[in-house]
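The primary structure of each chain is shown beneath.
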Amino acid sequence: MDSRRDFLQKVALTAISIPFFSFSRLSAEQQISQARYDGPVLRVAIMGLGGYGTRVAEAMQSCQRAKLVGVISGTPAKIKAWQSKYGIPAENCYNYENFDSIKDNPNIDAVYVITPNALHHGQSLRVAAAGKHVICEKPMALNAREGQEMIDACKMADVKLLVGYRLHFEPKTLEIIRMRNDGELGNIRFFQGLSGFRAGDPNQWRLDKKLAGGGALMDIGIYAVNGARYMVGEEPIWITAQETKTDTVKFKEGVDETIQFQLGFPSGAVASCLSTYNMDNLDRFFLNGEKGFAELQPSTGYGPLKGRTHKGELTQPHYTHQTVQMDAMAGIILNGDKPVVPVDGEEGLKDLKIIDAIYRSCKTGERQVLEL
Ligand code: NAD
C-alpha cells in the first residue's frame, strides 16, 4: 500500500476532522503532524455571495489553515446574513464600489473572487492593486489576453494568483496521476473528457455572453480542457473543434451549446472531449495507456467521485473539495507549498489559451497549433 493511501486510511480511522494536506511531497508522518496544526491562518474575504460562494463559505468552516473573515457584495441584506452566520466584523464588509479600500485592512490576506466570469479580470486587478492575494474562480478570465494581464498585475503587486481548481487536490484524481507518473498505466495514448449539464433558466448570467464570455465551454467544458492536461500529464500542441447547436433561441450568438474538441500531445497521445449545456449527468474522464486504464465517473462534480482502474476500484476517501482546496491554497500562499498539479495563474492561462483556440477552430474549421 502506498504511503498516501496509508495516510488517508489513518486519517479516516483516527477521525481527524478534515485534513488540509496539499498532497505536496510530504511524508505520511509529516502530513499527520500537520493535522495538529497551530500555525498561521490565511484570512480570506469572499467576493460574490452567490451559489458557489455560499458553498465555499460553508466548506471553509471546516478548514484549519484558511478562515473566512470578510465579504464583498452588492447586496446589503446578504452581507448582514453572512455577518451573523459567520461572525464577520463590520470593518471586513465591502461592496463593489468601495472594496479597493481593503488595502488599508491588515486583517484580510486574500480575496476569493466568485462572481460571473466577465467580472473576474477587473475585480482581480483591483484586488491585486490593493495588495491582497487573489484566488479566482474558473474560468480565470474571458480570454488569454485578460489572463496574462491578471498574472502581470499580481506579479507587479507581489501577491499570489491562484485559480479555484478544486480537483487538483481530490484524492482519487491524485491517485490516477500517481499511477500514471509511476508508469502503472504505461505510455499514455488516449483521454476522453465528457463535461456537461442542461442549462435551465434561460435568463441566468451563464447564458448571457457579456457576463459568461461564451457558453458551456467557459463554464463546464473547461473541466475537460483542464482534465485532459492533468490526466495526460502533457501540454497539448494542437486542437481541432466542432460546434453544434440545437436551440438558437436559448443559446444565442456567442453562447456555445455543444462543442466537441480534440487535442494532440507531444508524445502522440490524443484526447477527445465534449462540452455541452444540453445533456444532464455528463461527467466522465477516461484515460488509457499501453498497460492499463483509469476512469472517473463522476469525474468533476462535488463528489464523492467514483472511479476504477485496470487494478480495481479506487477507494480513496471523499472530503469536501472546497475544504481541502482552501487549506491547500493557504499552504501555497503562506508557506510556498507546491501542489502536485499547479493551481497558479499560469495554469489558468493555459486553459484560456486552449479555449481561445477551440473557439477559433469552431469558427474557421481549421486545426490550431498551440504553444502553451
Ligand atoms: P451565482 O449566480 O450563483 O453567483 C454569482 C454572484 O455574483 C451572485 O451573488 C451575484 O449577486 C454576484 N454578482 C456580482 N456582480 C454581478 C453582476 N454584474 N451580475 C450578476 N451577478 C453578479 O453564480 P455561481 O454559480 O456562484 O458562479 C460564480 C463563479 O463561480 C463563476 O465564475 C463560476 O464559473 C464559478 N463556479 C465554480 C465552481 C467550481 O466548482 N469551481 C462551481 C460553480 C461556480
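Residues numbered from 1 in each chain as written. Predicted model: local features only at pLDDT ≥ 70, side-chain atom pairs only at ≥ 80, totals over all residues. Heavy atoms only, no water.

A few words now on the site of the ligand. For the ligand, the set of nearby residues contains 22 residues, the closest of which are Gly51, Asn117, Lys138, Arg166 and Trp205. The side chain of His120 places a nitrogen or oxygen atom 3.1 Å from an oxygen atom of the ligand. Trp205 has a polar side-chain atom sitting 2.8 Å from an oxygen atom of the ligand. For the ligand, whose accessible area on its own is 830 Å², the fraction buried by protein is 77%. For the shell around the ligand, the elements supplying multiple residues, two or more each, are helix H3 (51–60), helix H5 (117–129) and helix H9 (216–232). The biggest single contributor to the shell around the ligand is H5, with three residues. Looking at the shell around the ligand residue by residue, the classes come out as ten nonpolar, six polar and six charged. (Near = heavy atom within 4 Å. Polar contact = N/O pair within 3.5 Å; in protein donor to acceptor, adjacent residues only side chain to side chain. Areas by Shrake-Rupley, 256 points an atom, 1.4 Å probe, with all protein chains shown as cover. Helix = DSSP H or I, 4+ residues; strand = E, 2+ residues; numbered from the N terminus. Nonpolar A, V, L, I, M, F, W, Y, C, P; charged D, E, K, R; others polar.)

Here the focus is the domain arrangement of the chain. Taken domain by domain, the chain holds domain 1 (7–166) and domain 2 (170–317 + 343–369). Interface of domain 1 and domain 2: buried area, both sides summed, is about 2,300 Å²; carbon and sulfur atoms make up 65% of it. Linking domain 1 with domain 2 are two salt bridges, by the criterion used here. Across the salt bridge formed by Lys155 and Glu346, the nearest N and O atoms sit 3.8 Å from each other. Across the contact surface, domain 1 and domain 2 share eleven residue pairs in polar contact (both at pLDDT 80 or more). Of all the elements in the fold, those that place two or more residues in the side of domain 1 that touches domain 2 are H3, H5, helix H6 (144–157) and strand E6 (161–163). It is H6 that provides the largest number of residues to the side of domain 1 that touches domain 2, a total of five residues. (Domains from an automatic or database assignment. Buried area = accessible area lost by both parts, 1.4 Å probe. Salt bridge = Lys/Arg side-chain N within 4 Å of Asp/Glu carboxyl O.)

A full pass over the atoms with the stated rule returns 20 salt bridges. Notably, a salt bridge pairs Lys311 with Glu184, separated by 2.9 Å at the nearest N-O pair. Placement of Lys311 in the loop between strand E13 (307–309) and strand E14 (312–313) and of Glu184 in the loop between helix H7 (171–181) and strand E7 (188–196) is noted, with a sequence separation of 127 residues between them. For Arg229, the salt bridge goes to Asp351, with nearest N and O atoms at 2.8 Å. Separated by 122 residues along the polypeptide, Arg229 in helix H9 and Asp351 in helix H11 (residues 345–364) bring together distant segments of the chain. Exposure class is identical for Arg229 and Asp351. Each is buried. Several salt bridges converge on common partners, so that one network encompasses Glu175, Arg178, Asp182, Glu184 and Lys311. (Buried < 20%, exposed > 50% of the residue type's maximum accessible area, 1.4 Å probe, protein only.)

What follows deals with the packing of H7 against H9. Following both chains from N to C, one finds H7 and H9 inclined at 40 degrees, their axes separated by 9 Å at the closest point. Considered as vectors, H7 and H9 are oriented oblique to each other. Where H7 abuts H9, its residues Thr173, Ile176, Ile177 and Arg180 lie against Tyr230, Met231 and Val232. Tallied by class, the residues present in the contact of H7 with H9 amount to five nonpolar, one polar and one charged. (Axes fitted to C-alpha atoms, helices over the stretch in contact; angles between N-to-C directions. Parallel < 35°, antiparallel > 145°, perpendicular 65-115°, else oblique. Contact = heavy atoms within 4.5 Å.)

We now examine the nonpolar core. Formed by 106 residues in total, the largest nonpolar core has its most connected members in Ile46, Met60, Tyr112, Phe191, Phe261, Met326 and Ile358. Sorting elements by how many residues they give to this core places H9 first, with twelve residues. Both domain 1 (7–166) and domain 2 (170–317 + 343–369) contribute no fewer than three residues apiece to this core. What Tyr112 contacts, discounting residues up to four positions off in sequence, is Val44, Ala45, Ile46, Met47, Tyr52, Val56, Ile135, Cys136, Glu137, Gly164, Gln325 and Met326. (Core = buried A, V, L, I, M, F, W, Y, C linked by side-chain atoms within 4.5 Å.)

For the chain, the mean per-residue pLDDT works out to 92, and 91% of the residues sit at or above 70. For residues 1–30, every residue scores under 50 in pLDDT, and the model assigns this stretch 59 contacts once sequence neighbours within four places are set aside. (pLDDT = per-residue confidence, 0-100.)

Time to look at the sheet that holds E13. Ordered in space as E14-E13-E12-E11-E7-E10-E9-E8-E15, the nine strands form an open sheet in which the pairing is mixed. Strands at the two margins of the open sheet, each flanked by one partner only, are E14 and strand E15 (368–369). Summarising the sheet, strand E11 (residues 282–289) and strand E12 (residues 293–296) pair through four bridges and their orientation is antiparallel. Each bridged residue has a counterpart across the sheet, and for Asn288 the counterpart in E12 is Phe293. Its contacts with the sheet put H9 on E7, strand E9 (258–264), strand E10 (270–276), E11 and E12, and the angle it makes with E7 is roughly 160 degrees. The strands that H11 touches are strand E8 (238–244), E9 and E15; relative to E8, the one it contacts most, it runs at about 60 degrees. (Pairing = 2+ DSSP bridges.)

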